[in-house]
Amino acid sequence: MTALARSPDRRLDMTSLQLFVAVAEVGSIAQAAQRESIAASAVSKRVAELEGALGTPLLYRQARGVTLTPAGQSLLHHARNVLYGLDKLHGELSEYASGVRGHVRMHASMSAIVQFLPEDLGRFVHGHPQVKIDLEEHLSSEVERAVLEGAADLGICNTGSGVSTLQARPYREDRLALIAPPGLVPKARAAIHFVDTLDYDHVGLHAGSSIALAMHQAAAQAGRSVRLRIRVTGLDAMCRMIANGLGVGVMPQRAFELVHGASPLRCIPLQDDWARRRISLVARDFASLPVTTRALVEHLTAAGKA
């Protein structure tokens, strides 16, 4: 028998993993059996076979139910990923059977989604109507992590840190600006250094966002701190908070122009070097991307140069 044939993962099956996840979630073999409409003895046998295949106990069996061993906790994490991936596989294949001719999984930052992607993706889909695009919004650091871990084929995010091991291609550039209520900042100021905003209360974005990180780093370098009054999760919410007197905020200038509507808020460009940002396309290996995803990469790259 070869080493591959003896490998434990060759003896795992989806039904056993599904039943194990059910047991872990309800903490009882009997309740899991009821939930899955199967005999409790069959569930117990499946779990025992998993333990035999892996060579380690997965459950602590007690009078009032079961709890996971450390190995069981690890298996639960991986089993959920496997089952989720299988569900996505079935879903995607059924879409191909219904006429879909390509599927792109993308994660992108809020700045990219608000400022550029609606128009760029709209033009791409118009020319490729049978392509499905799954787009999720995440922080830039989470976008890079998703691409590294294979949860997304393509990412679009701020790459100013320069620490990622991913391949990157230029997409767009933006410029950050101070958003302030009328009358707070002298009208003579056509631009402003970020350090000059630190006397004001700030309406901030998520603590892990690239904008928030850049702001706090700039403040720390000046020996100051950001007077954060409130955090919000979106740029439109930031504008509303600022309009109602809760402070000033920092956001991409183009995003403000798109979301602020008829508000009398002022938009004052930041003069700092870090306020000019690169938004990049990232992938583990552009050359190995599926054909449809490569076509989208070429489209987005060209759109950024236009």
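Scroll up to find the structure.
An account of the accompanying structure is given in this report. Note that this is a predicted model, so its numbers are computed, not measured. (Residues numbered from 1 in each chain as written. Predicted model: local features only at pLDDT ≥ 70, side-chain atom pairs only at ≥ 80, totals over all residues. Heavy atoms only, no water.)

## Some thoughts on the overall build of the chain
Helix and strand content of the chain: 12 helices and 11 strands. Within the chain, buried positions represent 41% of all 306 residues. Look at the contacts in the chain between residues 6 or more apart in sequence, and 73% of them connect residues 24 or more apart. Summed over all atoms, the accessible surface of the chain reaches about 16300 Å², with 53% contributed by carbon and sulfur. (Helix = DSSP H or I, 4+ residues; strand = E, 2+ residues; numbered from the N terminus. Buried < 20%, exposed > 50% of the residue type's maximum accessible area, 1.4 Å probe, protein only. Contact = heavy atoms within 4.5 Å. Areas by Shrake-Rupley, 256 points an atom, 1.4 Å probe, with all protein chains shown as cover.)

## So, the packing of helix H3 (residues 29–36) against helix H4 (residues 40–54)
For the pair H3 and H4, interaxial distance at closest approach is 8 Å and the crossing angle is 110 degrees. Of the possible angle classes, the one that applies to H3 and H4 is roughly perpendicular. Handedness of the H3/H4 crossing: right-handed. Residues Ile 29, Ala 30 and Ala 33 of H3 form the contact with H4, whose participating residues are Ala 40, Val 43 and Ser 44. (Axes fitted to C-alpha atoms, helices over the stretch in contact; angles between N-to-C directions. Parallel < 35°, antiparallel > 145°, perpendicular 65-115°, else oblique. Left-handed = near helix turned anticlockwise from the far one by under 90°.)

## A few points about the packing of aromatic side chains
This structure, assessed with the given rule, holds two aromatic pairs. Centre to centre, the rings of Phe 116 and Tyr 171 are 6.2 Å apart; their planes meet at 85 degrees, and the pair counts as edge-to-face. Taken as a pair, Phe 116 in the loop between helix H6 (110–115) and helix H7 (117–127) and Tyr 171 in strand E6 (residues 167–180) lie far apart in primary sequence, 55 residues in all. Each member of the pair, Phe 116 as well as Tyr 171, is classed as buried. Seen in terms of ring centroids, Phe 194 and Trp 274 are 5.4 Å apart; in terms of plane orientation they differ by 80 degrees. Their pairing is edge-to-face. Within this pair, whereas Phe 194 is found in the loop between E6 and strand E7 (201–204), its partner Trp 274 is found in the loop between strand E10 (266–269) and strand E11 (276–283), the two being separated by 80 residues in sequence. Exposure remark for Phe 194: the relative accessible area of 1% places this residue in the buried category. (Phe/Tyr/Trp six-rings, centres within 6.5 Å; stacked < 30°, edge-to-face > 60°.)

## Here's the deal with the pattern of salt bridges
Applying the stated criterion across every chain, the model contains 15 salt bridges. With a closest N to O distance of 3.0 Å, Arg 169 and Glu 298 form a salt bridge. Of this pair, Arg 169 sits in strand E6 while Glu 298 sits in helix H12 (residues 291–305), placing them 129 residues apart in sequence. Its relative accessible area of 46% is what places Glu 298 among the partly exposed residues. A salt bridge links Asp 201 to Arg 227; its shortest N-O distance comes to 3.1 Å. Here Arg 227 lies in strand E8 (residues 227–231) and Asp 201 lies in strand E7, a separation of 26 residues in the sequence. Residue class for Arg 227 comes out partly exposed when judged on its relative accessible area of 40%. Among the ionic contacts, a cluster of salt bridges with common partners joins Glu 25, Arg 35, Glu 36 and Arg 80. (Salt bridge = Lys/Arg side-chain N within 4 Å of Asp/Glu carboxyl O.)

## Brief notes about helix H10 (residues 235–243)
Those residues of H10 that fall on the buried side of the exposure criterion are Leu 235, Met 238, Cys 239 and Ile 242. In an axial view of H10, the angular spread of the buried residues amounts to 100 degrees, which keeps them on one side of the axis. In this structure, the buried side of H10 is in contact with H6, E6, E7, strand E9 (249–252) and helix H11 (253–259). (Arc of directions from axis to C-beta.)

## Thoughts on the nonpolar core
Membership of the largest hydrophobic core comes to 30 residues, with the highest contact counts inside it found for Leu 178, Phe 194, Leu 205, Met 238, Val 250, Met 251 and Leu 270. Counting only elements with at least two residues in this core, the list comes to E6, helix H9 (210–221), H10, E9 and H11. When neighbours within four sequence positions are excluded, Met 238 is seen to be in contact with Val 203, Gly 204, Leu 205, Val 232, Gly 249, Val 250 and Met 251. Core analysis: the next-biggest nonpolar cluster, separate from the first, contains 21 residues, Val 104, Ala 108, Ile 113 and Val 297 among them. (Core = buried A, V, L, I, M, F, W, Y, C linked by side-chain atoms within 4.5 Å.)

## As for the environment of Glu 173
Locating Glu 173 in the fold gives a position in strand E6. Judged by relative accessible area, Glu 173 falls into the exposed class, the value being 63%. On a C-alpha basis, the gap between Glu 173 and Asn 158 in space is 9.2 Å, while along the polypeptide they are 15 residues apart. Other than its neighbours up to four places away in sequence, Glu 173 contacts Phe 116, Arg 277 and Arg 278.

## Points about the side chain of Asp 153
Secondary-structure assignment places Asp 153 in the loop between helix H8 (140–149) and strand E5 (154–158). Classification of Asp 153 by relative accessible area gives buried; the value is 18%. At a separation of 2.8 Å, a polar atom in the side chain of Asp 153 contacts the side chain of Arg 105. Beyond its immediate stretch of four places on either side in the chain, Asp 153 contacts Arg 105, Val 147, Val 282, Ala 283, Leu 289 and Thr 293. (Polar contact = N/O pair within 3.5 Å; in protein donor to acceptor, adjacent residues only side chain to side chain.)

## A word on the packing of helix H2 (residues 14–26) against H4
Taken N-terminus to C-terminus, the directions of H2 and H4 make an angle of 105 degrees; their axes are 9 Å apart at the nearest point. When the axis of H2 is compared with that of H4, the two are roughly perpendicular. Contacts between H2 and H4 involve Thr 15, Ser 16, Leu 17, Leu 19, Phe 20 and Val 23 from the first element and Val 43, Arg 46, Val 47 and Leu 50 from the second. Across the contact of H2 with H4, the residue classes break down as seven nonpolar, two polar and one charged. (Nonpolar A, V, L, I, M, F, W, Y, C, P; charged D, E, K, R; others polar.)

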